[in-house]
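Coordinate analysis (summary)
Single-letter residue listing:
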Amino acid sequence: MKVLVAIKRVVDFNVKVRVKADGSGVETANVKMSMNPFDEIAVEEAVRLKEAGAATEIVVVSCGVLACQETLRTALAIGADRAILVESQAELQPLAVAKLLKAVIQKEQPGLVILGKQAIDDDSNQTGQMLAALMNWPQATFASKLKLEGERARVTREVDGGLETISIKLPAVVTTDLRLNEPRYVTLPNIMKAKKKTLENLKPEALGVDVSPRLATVKVIEPSKRKAGIKVPDVKALVDKLRNDAKVL
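These notes cover the structure that comes with them. None of the values given here were measured: they were computed from a predicted structure.

Cut-offs used in this document
- Residues numbered from 1 in each chain as written.
- Predicted model: local features only at pLDDT ≥ 70, side-chain atom pairs only at ≥ 80, totals over all residues.
- Heavy atoms only, no water.
- Helix = DSSP H or I, 4+ residues; strand = E, 2+ residues; numbered from the N terminus.
- Buried < 20%, exposed > 50% of the residue type's maximum accessible area, 1.4 Å probe, protein only.
- Contact = heavy atoms within 4.5 Å.
- Areas by Shrake-Rupley, 256 points an atom, 1.4 Å probe, with all protein chains shown as cover.
- Lys, Arg positive; Asp, Glu negative; His and termini not counted.
- Charge placed at Lys NZ, Arg CZ, Asp CG, Glu CD.
- Arc of directions from axis to C-beta.
- 1 Å grid on protein atoms, 1.4 Å probe; cavity = no way out; pocket = protein on both sides within 12 Å on 5 of 7 lines; lining within 4 Å.
- Points joined across faces, edges and corners; volume = space filled by probe spheres on them.
- Nonpolar A, V, L, I, M, F, W, Y, C, P; charged D, E, K, R; others polar.
- Salt bridge = Lys/Arg side-chain N within 4 Å of Asp/Glu carboxyl O.
- Pairing = 2+ DSSP bridges.
- Core = buried A, V, L, I, M, F, W, Y, C linked by side-chain atoms within 4.5 Å.
- Polar contact = N/O pair within 3.5 Å; in protein donor to acceptor, adjacent residues only side chain to side chain.

1. Quick look at the overall build of the protein
Within the protein, the secondary structure is distributed over 6 helices and 11 strands. Taking the principal axes of the C-alpha coordinates as reference, the protein spans close to 65 × 45 × 40 Å. For the protein, buried positions account for 43% of its 249 residues. Contacts spanning at least 24 positions in sequence make up 69% of the contacts within the protein whose residues lie at least 6 apart. On the protein, roughly 14400 Å² of surface is accessible, and the fraction owed to carbon and sulfur atoms is 52%. Placing the 38 positive and 31 negative side-chain charges of the protein at their respective mean positions leaves the two points 2 Å apart.

What follows is the structure, encoded as structure tokens:
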């Protein structure tokens, strides 16, 4: 079975995000970029499925600028077999990405699609659900455990009330949560091998997809800074403060 994994290039999670001076967005010039952590978990899970004999080929897909090739090479070094970049300079919003992935899926015909539950740059948590709707496929979001059982997948999901285990028919879309696995360390030999693996470059026009943004960002501002705290001498003073200043009692 072929597994397709979608990945996104984002600002590295260790980097302090800064807003552009004109408020048009987040500063990405000369900023370290890396694979979205949830997508890295998705790639790791696909590799584990292949190592267990449940998958035969892993194809990773990314949509964005040419620099996304670097992120795809990282996925290839983790263990993916092929990579596809849908290159676009446009601002790709969740619905546009879902439509691009649908076109790639129709071309590749995978038996399972795995994505991170959300990207850490926009926290939209929309692409996986939109893709499942466009494909009319079953979906299992926030997966913390995944097991393939013949033509079905058994998925344990993290929900507000605890854990929920469902069985879905393949092909299906699965989005990963943090506790699904711990991605492996990428070794230098695998990085060198990844350079020889196939990386295909496509354009949205070739896939027949319009990626024009449907939403416009009016302004981006940093969150307001928290006010400094104060110390009180005793419990009575604390209660007085809560009652008179915070108006909570």
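Still to come is the rest of the account.
2. Here's the deal with helix H4 (residues 127–135)
Where H4 is concerned, the buried positions are Thr127, Gly128, Leu131, Ala132 and Met135. Looking down the long axis of H4, one finds its buried residues gathered within 135° of arc, a one-sided arrangement. Buried residues belonging to H4 abut helix H3 (94–108), strand S6 (112–116), strand S7 (139–149) and strand S10 (172–176).

3. Details of the layout of surface pockets
Of the volumes computed, that of the second largest pocket is approximately 330 Å³. Considering the residues around the second largest pocket, the lining is formed by 13 residues, among which Asp12, Met33, Ser34, Met35 and Thr74 are closest to the centre. Of all the secondary-structure elements, those providing two or more residues to the lining of the second largest pocket are strand S3 (33–35), helix H1 (37–51) and helix H2 (68–78). For the lining of the second largest pocket, a count of residues per class yields 4 nonpolar, 4 polar and 5 charged.

4. Describing the pattern of salt bridges
Enumeration over the complete set of coordinates arrives at 18 salt bridges. Arg48 is the salt-bridge partner of Glu44, the closest N and O atoms lying 2.7 Å from each other. With Glu44 and Arg48 both in helix H1 and 4 residues apart, this pair spans about one turn of that helix. What makes Arg48 partly exposed here is its relative accessible area of 35%. When the shortest N-O distance is used, the salt bridge between Glu200 and Lys107 registers 3.4 Å. Of this pair, Glu200 sits in strand S11 (residues 199–202) while Lys107 sits in helix H3; the two residues are 93 residues apart in sequence, bridging distant segments of the chain. By relative accessible area, which is 27% here, Glu200 ends up partly exposed.

5. Examining the pairing of strand S4 (residues 57–64)
The buried count for S4 comes to 7 of 8 residues, which makes it a mostly enclosed element. Two elements, strand S1 (residues 2–7) and S4, share 6 bridges in a ladder whose sense is parallel. In the sheet register, Ala6 faces S4, and the bridge partner there is Val61. Examined bridge by bridge, S4 and strand S5 (residues 82–87) share 6 bridges and lie parallel to one another.

6. With respect to the nonpolar core
In a soluble, globular protein the nonpolar side chains are often hidden away together inside. Val5, Val43, Val60, Leu112, Ile114, Leu146 and Val155 are the most contacted members of the largest nonpolar core, which totals 38 residues. Filtering out sequence-adjacent residues up to four positions away, Val155 remains in contact with Ala140, Ala143, Lys145, Leu146, Glu164, Thr165, Ile166, Ile168 and Val174. The next biggest cluster of nonpolar side chains, apart from the first, holds 27 residues, and it includes Leu4, Leu101, Trp137 and Val173.

7. Here we look at the side chain of Gln93
With respect to the helices and strands, the residue Gln93 is situated in the loop between S5 and H3. A polar atom in the side chain of Gln93 sits 3.1 Å from the backbone nitrogen of Arg214. What Gln93 contacts, discounting residues up to four positions off in sequence, is Pro213, Arg214 and Leu215.

8. Brief notes about the side chain of Thr176
Along the chain, Thr176 falls in strand S10. The exposure class assigned to Thr176 is buried, which follows from its relative accessible area of 0%. Among the polar contacts made by the side chain of Thr176, one reaches the main-chain carbonyl oxygen of Phe38 at a distance of 2.9 Å. Apart from the residues within four sequence positions on either side, Thr176 is in contact with Phe38, Ile41, Ala42, Ile114, Leu115, Gly116, Lys117 and Ala143.

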